[in-house]
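# Secondary and tertiary structure notes
What follows is the residue order along each chain.
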There are 2 protein chains.
Amino acid sequence: MTTNHLISEIKKKQSFLCIGLDVDLDKIPQHLLQKEDPIFEFNKEIIDATHHLCVAYKPNTAFYEAYGLKGWRALEKTINYLNENHPNIFTIADAKRGDIGNTSTMYAKAFFEDLQFDSVTVAPYMGKDSVEPFLAFEDKHTIMLALTSNIGAFDFQTLSVNNQELYKEVLEVSKTWTNSENLMYVVGATKAEFLAEIRQIVPDSFLLVPGVGAQGGNLQDVCKYGMNDTVGLLINSSRGIIYASNKEDFATAAAHKAQDLQQQMAVELNDCF
Amino acid sequence: MTTNHLISEIKKKQSFLCIGLDVDLDKIPQHLLQKEDPIFEFNKEIIDATHHLCVAYKPNTAFYEAYGLKGWRALEKTINYLNENHPNIFTIADAKRGDIGNTSTMYAKAFFEDLQFDSVTVAPYMGKDSVEPFLAFEDKHTIMLALTSNIGAFDFQTLSVNNQELYKEVLEVSKTWTNSENLMYVVGATKAEFLAEIRQIVPDSFLLVPGVGAQGGNLQDVCKYGMNDTVGLLINSSRGIIYASNKEDFATAAAHKAQDLQQQMAVELNDCF
């Protein structure tokens, strides 16, 4: 999917919501556990109930790998279901991969070719030749960790290098990489005021913002500091939406939570389009 | 597996060789492609021919994920084959994972509980709460990237923070984490002279050293600068061993290459035990 396609979907749906599909069998409604593939059934019902309210879905691979082969199969069924039924929805494999050159190419093939995701998240620690193999894929997007929303973000990401924080150095340097126009960045919402400085470095890039809701971030602040003239934001909510209820009404409850966020986003979009 | 168990295996086999099982279907012998599971068949023959010459195997998950469900199944069969037939061999899932707390726990479950690897590689960028969930598993080992063997290592890892290179800061800080005794570190062999300084920071930790052979590192230099009084080294070779031949004799050819390295290692071990 091209960036322009994503932007037009945001306009049409009046939403820049991404829903995180982080399926934990200990948290989903009990009645689903009797199904042949509880993880996929859960995702399918969530997608059926919320697809008109969001522009992206983001399964985090950890939650699938934890269930081994069954989990990987559920991930495959989920992305296939999305691509067949909702081809206008942007899909993110939240995998945080990164390895040396030829190995990163294998990861890129896994997510872009085998599973056919539109994008994948990557970690920057191993530098340019660990990320460029992902950037080589046309109309695919590589979402690199810059400033994450966890407390450990302050261990290394905010240390000073070359007179600026490491995450800013990561942003600056990544702009020089081949096909850097295919980069987006992860920026946690718990530090919304940092977004103003980040926007000075990457004014045009899309930012994937986790941490609104469960992790304490505020939608209005994120928009105030992070929105650009083509929106430039995908705001992710996982637990706050998908675990709104653990009863049979879970999908309806998820849709209500998603709608709350979509309506707040529509207000913010008035200032943009 | 405990660290003492690993050390006693090194003594017994006179080897600290780790063999990387990075299976690329474009590189393996053509006759294997007719088998039902070419990836597993390749690994099985390599393991059968080399298990007496090495103390560890390290499948890199990228090479399995690239083949989707079939690949993940081959990874599962490979680790099961190792655990059933060679329980004294140390197994490393080279996955370079890392995510926020509860999500890292899911990754730890994937590799330590579901697949039953002895260890997994992780990336440090997200800090303490992204790594500690792995460290919580008893008799399991978390091998954190410090200084990698690719050219991109110089993009961020060697930048100066707090008056030292970032990778040294990563080493220092990680020593303060809960259960840090379960940490090992990835240190590329292409910068063997850096090992002397690394040993000052983590004198007792095991270092997993890729980059000997194909990537230009030298075994003698690595031992000179990196060995401690319980060896403290696992030296990995992947392509240099497993792709020694792409004919029907590939497993024998791999064993010859592994034996070359094992014999050099036995000489180095004379200085240690």
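In this report, we go over the structure that sits alongside the text. (Residues numbered from 1 in each chain as written. Chains lettered and ligands numbered in written order. Predicted model: local features only at pLDDT ≥ 70, side-chain atom pairs only at ≥ 80, totals over all residues. Heavy atoms only, no water.)

### Considerations on the overall build of chain A
- Across its full length, chain A holds twelve helices and ten strands.
- Considered along the principal axes of its C-alpha atoms, chain A spans approximately 55 × 45 × 35 Å.
- Put simply, 73% of the contacts in chain A that link residues at least 6 apart link residues at least 24 apart.
- A total of about 9800 Å² of accessible surface is found on chain A, and carbon and sulfur atoms cover 44% of it.
- Separation between the mean location of the 23 positive side-chain charges and that of the 36 negative ones in chain A comes to 3 Å. (Helix = DSSP H or I, 4+ residues; strand = E, 2+ residues; numbered from the N terminus. Contact = heavy atoms within 4.5 Å. Areas by Shrake-Rupley, 256 points an atom, 1.4 Å probe, with all protein chains shown as cover. Lys, Arg positive; Asp, Glu negative; His and termini not counted. Charge placed at Lys NZ, Arg CZ, Asp CG, Glu CD.)

### Some words on the packing of aromatic side chains
- Summed over the entire model, instances satisfying the criterion amount to 19 aromatic pairs over all chains.
- When the centroid spacing of 6.4 Å and the interplanar angle of 90 degrees are considered together, the rings of Phe112(B) and Phe134(B) count as edge-to-face. Within this pair, whereas Phe112(B) is found in helix 5 (residues 101–114), its partner Phe134(B) is found in helix 6 (residues 128–135), the two being separated by 22 residues in sequence. Considered together, Phe112(B) and Phe134(B) belong to a single accessibility category, that of buried residues.
- Grouping aromatic residues by their ring pairs yields a cluster made of Trp72(A), Phe111(A), Phe117(A), Trp72(B), Phe111(B) and Phe117(B). (Phe/Tyr/Trp six-rings, centres within 6.5 Å; stacked < 30°, edge-to-face > 60°. Buried < 20%, exposed > 50% of the residue type's maximum accessible area, 1.4 Å probe, protein only.)

### Brief notes about the sheet that holds strand 1 (residues 17–21) of chain B
All names here are of chain B.
- Reading around the barrel, the eight strands line up as 1-2-3-4-5-8-9-10 and close back on themselves, with parallel pairing between neighbours. Here the strands of the sheet are splayed against their neighbours by 30 degrees on average, with no regard to which way each runs.
- Summarising the sheet, strand 1 and strand 10 (residues 233–237) pair through three bridges and their orientation is parallel. Bridge pairing in strand 10 places Cys 18 opposite Asn 236.
- On the sheet, helix 5 packs against strand 3 (90–97), strand 4 (119–122) and strand 5 (141–147) and is oriented at approximately 155 degrees with respect to strand 3.
- Helix 12 (residues 250–270) rests against strand 1 and strand 10 of the sheet, and its axis sits at about 155 degrees to strand 1. (Pairing = 2+ DSSP bridges. Axes fitted to C-alpha atoms, helices over the stretch in contact; angles between N-to-C directions.)

### Some details on the environment of Lys224(A)
- Mapped onto the fold, Lys224(A) is located in helix 10 (residues 219–226).
- Distance in space between the C-alpha atoms of Lys224(A) and Ala49(A) is 29 Å, their sequence separation being 175 residues.

These values are about where atoms sit, not about what they do.
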